[in-house]
Amino acid sequence: MSHREEPHEHRTRALIRRRWGATLLIGLVGLAPLSAMAQQLAPDPLRDVGIDQKLNAQVPGELLFRDEGGREVRLAEYFGEKPIILALVYYECPMLCTLVLNGLVRALRAMPLTAGRDFTVLTVSINPAETPALAAEKKAAYIEHYGRAEARQGWHFLTGEPPAIHRLAETVGFRYVYDPRTKQYAHAAGIMVLTPSGRVSRYFYGLEYSARDLRLGLVDASEGKIGSPVEKVLLLCYRYDPATGKYSLAILRIVQLAGAGTLLGLGLFLVIMFRRDRRREN
């Protein structure tokens, strides 16, 4: 009797295993859309990161920060005389901010214009936990890398409190978020050029900046108050493209300048010929 019941018991156990397996499979299939839904509902920090162009926006001069020496300063102290390069970074950034500042200093070294003499550079930390002492270390390293003595008075590394940082970033369209998992700030790569009065004039994106474009941006922002006559003529030939953050050759302007030159040359030729004919008649 027991021998006859063994197959039945075996079949019962197999049936139970199949039912449990089917239940588990159905459960896993049911969890798949829930998992996908959870991923969709989970916040994506990179969605809130970027740089929005806010050309001509006025940077609030009353915002308070601390410079690398620990002195409380208003942004308005840097307005008035020279155009400004603004870089929003943070000093303990493990990678991207260092690349931004390295790209900036390479462009600065390639320019005939000099920080401190022709323009001002403001590097502002977006991390309110960073200190003036840390800012001073960064300044010393980059001034040495830049290699121009005037920059000590013209390149400032600032730290600040959250309200001032957020308002400055919002004004210039610099969107960033703090990621608590990595304890880092997610942000885009780019720099801005401000007019001497603190209005946003130009945006330059990425990690490498064309020395020519940056130079033209500074001359443009200063309304021709800095730069050589050659650079001012170049502004007639190049046009700033907000979509790319670069200066492109303005063909129409070149054609217009060439046409004006041709007409001028033709006019001079006619005047000379007219004078020769009059001399011959006399």
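Residues numbered from 1 in each chain as written. Predicted model: local features only at pLDDT ≥ 70, side-chain atom pairs only at ≥ 80, totals over all residues. Heavy atoms only, no water.

Residues of strand 6 (residues 155-158) alternate between two faces, with Trp-155 and Phe-157 on one and His-156 and Leu-158 on the opposite face, all of them buried. Pairing geometry for strand 5 (residues 120-125) and strand 6, over four bridges, is parallel. If you follow Val-121 over to strand 6, its bridge partner there is Trp-155. In this fold, strand 5 hands off to helix 3 (residues 132-146), which returns the chain to strand 6; that crossover is right-handed. (Buried < 20%, exposed > 50% of the residue type's maximum accessible area, 1.4 Å probe, protein only. Helix = DSSP H or I, 4+ residues; strand = E, 2+ residues; numbered from the N terminus. Pairing = 2+ DSSP bridges. Right-handed = clockwise from strand over helix to strand, strands pointing away.)

In the structure shown here, the tally under the stated rule is zero disulfides. This cysteine, Cys-93, is not joined by any disulfide, and Cys-97 carries the nearest cysteine sulfur, 3.2 Å off. (Disulfide = S-S within 2.5 Å.)

Counting buried positions over the six residues of strand 4 (residues 84-89) gives six, a clear majority of the element. Neither face of strand 4 is left uncovered, since the one carrying Ile-84, Leu-86 and Leu-88 and the one carrying Ile-85, Ala-87 and Val-89 both have all their residues buried. Note that strand 4 and strand 5 share six bridges and pair parallel. Along strand 5, the bridge assignment pairs Val-89 with Ser-125. The parallel pair strand 4 and strand 5, bridged by helix 2 (residues 96-109), forms a crossover whose chirality is right-handed.

This part covers unusual backbone geometry. With phi around 75 degrees, Asn-56 is a residue other than glycine that occupies positive phi space. Of note, Asn-56 is situated in the loop between strand 1 (50-51) and strand 2 (64-66). Look at Lys-183: it is not a glycine, yet its phi comes out positive at around 60 degrees. With respect to the helices, strands and loops of the structure, Lys-183 is situated in the loop between strand 8 (177-179) and strand 9 (184-186).

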